[in-house]
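Structural overview
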There are 2 protein chains.
Amino acid sequence: MDMKRIVIAQGGGPTAVINESLRGVIEAAKTAGISDIWGASQGVRGLLEGKFFDLSTLQEKMLGAIAATPSAALASTRDKPDETYCQALAQIVQKHKIDGFFYIGGNDTSATLMKLSSFGLGENFRAVHVPKTIDNDLVLNDHVPGYGSAARYVALAFKGMDLDQCALKGVHIGVVMGRHAGFLTAASAAMRQSEDEGPHIICLPEDDFDEEAFFAKVRDVYQKYGRCLIAVSEGIHDKEGVPFITRYTQGQKDAHGNVQLSGSGALGDMLAARIKDKLGIARVRADTLGYMQRSFPSVVSNRDAREAYEAGAHAINCALDKQKNGSVTLNLDDEGNTIYGYESLDAIGGKTRYLPQEHFKRGDFDVTPSFIQWIRPLLGDDMPMVAKLNLPFIKL
Amino acid sequence: MDMKRIVIAQGGGPTAVINESLRGVIEAAKTAGISDIWGASQGVRGLLEGKFFDLSTLQEKMLGAIAATPSAALASTRDKPDETYCQALAQIVQKHKIDGFFYIGGNDTSATLMKLSSFGLGENFRAVHVPKTIDNDLVLNDHVPGYGSAARYVALAFKGMDLDQCALKGVHIGVVMGRHAGFLTAASAAMRQSEDEGPHIICLPEDDFDEEAFFAKVRDVYQKYGRCLIAVSEGIHDKEGVPFITRYTQGQKDAHGNVQLSGSGALGDMLAARIKDKLGIARVRADTLGYMQRSFPSVVSNRDAREAYEAGAHAINCALDKQKNGSVTLNLDDEGNTIYGYESLDAIGGKTRYLPQEHFKRGDFDVTPSFIQWIRPLLGDDMPMVAKLNLPFIKL
């Protein structure tokens, strides 16, 4: 099978390395002799509306600069196409003789491709998913491009908050992205070097959030160390699955009618107020890590950047070699090297992966050493070293 | 005058480079042959309670590692000593035969030294202020150690938020530290390269916050670009000087009875809700940049780190050469190089410097080109390059 004209698009939330995948697809497509390399503006929306860029005209230097820039260069979308929308997309594909659609995104994106591929677009058409998500919640993957850099940001942010709290004591809450999967919240512990260092409490969405047990834990830590650093997933919920954010407030809804978790400090502020009231601690602060987690320039895992590129290139090669639709996967061999695979869209599309049970204990408010061991290489090289003063008081 | 025993301490909020100043004082003190180099734990609190470390025992390598670590290694305090407290400090100084007190901090710290120096501690005692603040609000200084690195963080955060918003449009508010001085909020514009790039609106505490004018500006920008990125100082206030945060909420109070501005997302969330209500825009998000601004490891201006070190060393040299109390100052010569000076504690202590009038226009919600020109060198070298896709749509 030859491909003459392909379209590349980016969907869902931006990441620090999503443009490396874009570069990977473009460069592999050029190498394979694909003549028409188009980019769709704003994901499927651009495909629907016929808004295409000619990406083959980009010079190598400019493409390299774009690849090193955070956030989706083609612009993104939150559109989740239904049947009618997909039918319209299929017509565009046929009208413009598009041989392949390479969609860089998370599980919503893979679900869209799964739907689109069911429309019988012909033997020559390939729907290919290039994985991307800071949440790391794609099934059949060990880790996904975008996660390593976001995890690096979160690990460094909590290291900084811990150092800050050593200087000025109190209770400090950091709220981390990840509605259903706790991989990113767990990353808060990646640079912890001793038992007294924070985060002392980690609240994952894989566990039910028991407020009384939480208060008891905060009290214990505060009594022991005179301070307490807490990492909280934005998606914490009670044992009925009701998001904690809705417990004392009504919450705002997003475009899909879900409770809005990101882009608001409400959860952190609510928890801070509850701790003040319940435990009578005066200095309680909350920071919501916000969009910096996915878009901060210069905080990038070099391994993540490389893998994002390779995942993009692998997508082209699989589409050509395997002659079928699919989703690129990343898994580890016995030495911890990343192995790229290619799974069916049905196996990946719209499913959610959660933090494996071995990486945390229910009710424990913490991750296990196996998690730390797993995540460290994903953060990339050149993590900054930090040192604390460790001297006794002078005996006067 | 000889100094045999000195005490070094750190006060107020941490910064990314405050430990470079610590290293500067220690190394210059060693060079000058000062035998007893003590550090006080938790600023004046440690001086009061006799909690001292012997800093002369620190090996060069460990001292270098501590210097490169964010946040105050000696631990800090928010104590603002009154007369009685200062009297007790004076007694400790005499009891332990302390010849010099080198206090690294902002304007509260300089005010403490000013008070302490009025207690007639003898001809040989030196009270020396080593400047540090992310707010850059010390009078008689062009810029102050700690500001450059915090400004670098803020500039990069807003560059990332701008790129993120190009991918997924909407209104996004970023709340920046700085209760009275707008230097750090203004830094949000430092990496802006063209008129359409954000932040499109900058709300400084040096200007009165007129909510109606603000709404009109948000509406204009949103109509023009389909998006709007807003940088807001935590200290915005109405023309009577009342903090905006108290307008629709009661606000929390900090230890000094001031309205708590940091460590809460309340201001951003309130503004986001008001914009939704008033302008009917669906996607409005708010991020409060939080403690990451002052403590994030690896986001450091190399110029700022160097100057923090040099300011510490200069403090020792001035105390020995000039034989008087004082505060180290940083100003620029005609070529933009930093010149270190030494002013009296009375001239600096407890005063606040504001963003100069030439750097913004009242009612304009923006900074001027002169501000951008001034701040760029302070951010340090190796700012990451970013590039946007700039292609026309294919004509089909």
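Here is a short report on the structure shown in this document.

Calculation rules
- Residues numbered from 1 in each chain as written.
- Chains lettered and ligands numbered in written order.
- Predicted model: local features only at pLDDT ≥ 70, side-chain atom pairs only at ≥ 80, totals over all residues.
- Heavy atoms only, no water.
- Helix = DSSP H or I, 4+ residues; strand = E, 2+ residues; numbered from the N terminus.
- Rg over C-alpha atoms; globule rule 2.2 N^0.38 Å.
- Buried < 20%, exposed > 50% of the residue type's maximum accessible area, 1.4 Å probe, protein only.
- Contact = heavy atoms within 4.5 Å.
- Areas by Shrake-Rupley, 256 points an atom, 1.4 Å probe, with all protein chains shown as cover.
- Lys, Arg positive; Asp, Glu negative; His and termini not counted.
- Charge placed at Lys NZ, Arg CZ, Asp CG, Glu CD.
- Salt bridge = Lys/Arg side-chain N within 4 Å of Asp/Glu carboxyl O.
- Polar contact = N/O pair within 3.5 Å; in protein donor to acceptor, adjacent residues only side chain to side chain.
- Least-squares fit on C-alpha atoms with pLDDT ≥ 70 in both.
- Axes fitted to C-alpha atoms, helices over the stretch in contact; angles between N-to-C directions.
- Nonpolar A, V, L, I, M, F, W, Y, C, P; charged D, E, K, R; others polar.
- Pairing = 2+ DSSP bridges.
- Expected span 1.5 Å × (residues − 1).
- Arc of directions from axis to C-beta.
- Core = buried A, V, L, I, M, F, W, Y, C linked by side-chain atoms within 4.5 Å.
- Phe/Tyr/Trp six-rings, centres within 6.5 Å; stacked < 30°, edge-to-face > 60°.

1. Description of the overall build of chain A
On a plain count of helices and strands, chain A comes out with 14 helices and 11 strands. A globule of 396 residues ought to have a C-alpha radius of gyration of about 21 Å, and chain A, at 22 Å, matches this closely. Taking the principal axes of its C-alpha atoms as reference, chain A extends roughly 80 × 45 × 35 Å. Put simply, chain A has 396 residues, and 62% of those count as buried. Residue pairs at least 24 apart in sequence account for 77% of intrachain contacts in chain A once pairs closer than 6 positions are excluded. For chain A, the exposed surface amounts to about 14900 Å²; the carbon and sulfur share of it is 46%. Each charge class in chain A can be summarised by its mean position, and for the 43 positive and 49 negative side chains these summaries are 4 Å apart.

2. Details of the interface of chain B and chain A
Counting residues at the interface gives 76 residues for chain B, matched by 76 residues for chain A. Counting the contacts that link chain B with chain A gives two salt bridges. Arg294(A) is the partner of Asp164(B) in a salt bridge, and the nearest nitrogen-oxygen pair spans 2.7 Å. Along the contact surface separating chain B from chain A lie 29 residue pairs in polar contact (both at pLDDT 80 or more).

3. Comments concerning the pattern of salt bridges
Residues and elements named next belong to chain A. Applying the stated criterion across every chain yields a total of 38 salt bridges over all chains. A salt bridge links Glu 307 to Arg 303, with the nearest nitrogen and oxygen atoms 2.9 Å apart. Within this pair, Glu 307 and its partner Arg 303 are both found in helix α12 (residues 302–321), separated by four residues, close to a single helical turn. You can call Arg 303 buried: its relative accessible area is 13%.

4. Describing the relation of the copies chain B and chain A
In screw terms, the move from chain B to chain A is a rotation of 180 degrees and a rise of 0.0 Å along the axis, fitting with an RMSD of 0.0 Å. Expressed as a symmetry operation, the mapping of one chain copy onto the other fits a two-fold axis. Residue Gly265(B) of chain B places its C-alpha closer to the rotation axis than any other residue of that unit, at 2.1 Å.

5. Quick word on the packing of helix α1 (residues 18–31) of chain A against helix α3 (residues 60–67) of chain A
Residues and elements named next belong to chain A. Running from N to C, α1 and α3 point in directions that differ by 150 degrees, and their axes come no closer than 7 Å. Between α1 and α3, the contacting residues are Asn 19, Glu 20, Arg 23, Ile 26 and Glu 27 on the first element and Glu 60, Leu 63, Gly 64, Ile 66 and Ala 67 on the second. In the contact of α1 with α3, the residues fall into four nonpolar, two polar and four charged.

6. A closer look at the sheet that holds strand β3 (residues 52–54) of chain B
Residues and elements named next belong to chain B. Read across the sheet, seven strands follow the order β3-β2-β1-β4-β5-β10-β11 without closing on themselves; strand pairing throughout is mixed. The sheet terminates laterally at β3 and β11 (338–343), the two strands that pair on one side only. The mean inter-strand angle of the sheet, taken between neighbouring strand axes irrespective of direction, is 25 degrees. Sheet topology note: the strand β1 (residues 5–10)/strand β4 (residues 100–105) ladder contains five bridges and is parallel. Note on β4: the bridge partner recorded for Ile 6 is Gly 100.

7. As for helix α4 (residues 83–95) of chain B
Residues and elements named next belong to chain B. Counted at 1.5 Å a residue, the expected span for α4 with its 13 residues is 18 Å, and the 18 Å between its end C-alpha atoms agrees. Where α4 is concerned, the buried positions are Tyr 85, Cys 86, Leu 89, Ala 90, Ile 92 and Val 93. For α4, the buried positions fall inside an angular range of 160 degrees around the axis, keeping them on one side. Opposite the buried face of α4, by more than 90 degrees, sit the exposed residues Glu 83, Thr 84, Gln 91 and Lys 95. Contact partners of the buried residues in α4: α2 (44–49), β3 and α5 (107–117).

8. Looking at the pairing of strand β6 (residues 171–176) of chain B
Residue and element names in this part refer to chain B. Of all the six residues making up β6, six are buried; the element is thus mostly covered by neighbouring parts of the structure. Burial along β6 is two-sided: Val 171, Ile 173 and Val 175 facing one way and His 172, Gly 174 and Val 176 facing the other are all buried. As defined by bridge partners, β6 adjoins strand β8 (residues 228–233) across six bridges and the pair is classed as parallel. The residue of β8 that forms the bridge with Val 176 is Ser 233. Where β6 lies against strand β9 (residues 284–288), five bridges are found, and the strand directions are parallel. Of the residues in β9, the one forming a bridge with Val 175 is Thr 288.

9. Some points on the nonpolar core
Formed by 78 residues in total, the largest nonpolar core has its most connected members in Tyr147(A), Tyr153(A), Tyr147(B) and Tyr153(B). Elements with a contribution of two residues or more to this core: α6 (147–167), α7 (183–186), β8 (228–233) and α14 (369–375) of chain A together with α6 (147–167), α7 (183–186), β8 and α14 (369–375) of chain B. Sequence-distant contacts of Tyr153(A), defined by excluding residues within four places in its chain, comprise Leu289(A), Met292(A), Gln293(A), Phe296(A), Val299(A), Tyr153(B), Met292(B) and Phe296(B). In terms of nonpolar packing, the next biggest core, distinct from the first, is built from 36 residues, Leu22(B), Phe53(B), Leu55(B) and Ile316(B) among them.

10. Things to note about the environment of Val299(A)
By secondary structure assignment, the location of Val299(A) is in the loop between α11 (292–295) and α12. On the accessibility criterion, Val299(A) (3% relative accessible area) is buried.

11. Digging into the packing of aromatic side chains
Residues and elements named next belong to chain A. Within the structure shown, the criterion is met by 27 aromatic pairs over all chains. Where Phe 209 meets Phe 214, the ring centres are 5.0 Å apart and the plane angle is 55 degrees; that geometry is what we call tilted. Across the pair, Phe 214 and Phe 209 agree in class, each one buried. Here the aromatic residues Phe 209, Phe 214, Phe 215, Phe 244 and Phe 365 are joined through ring pairs into a cluster of three or more.

Geometry only, nothing functional implied.
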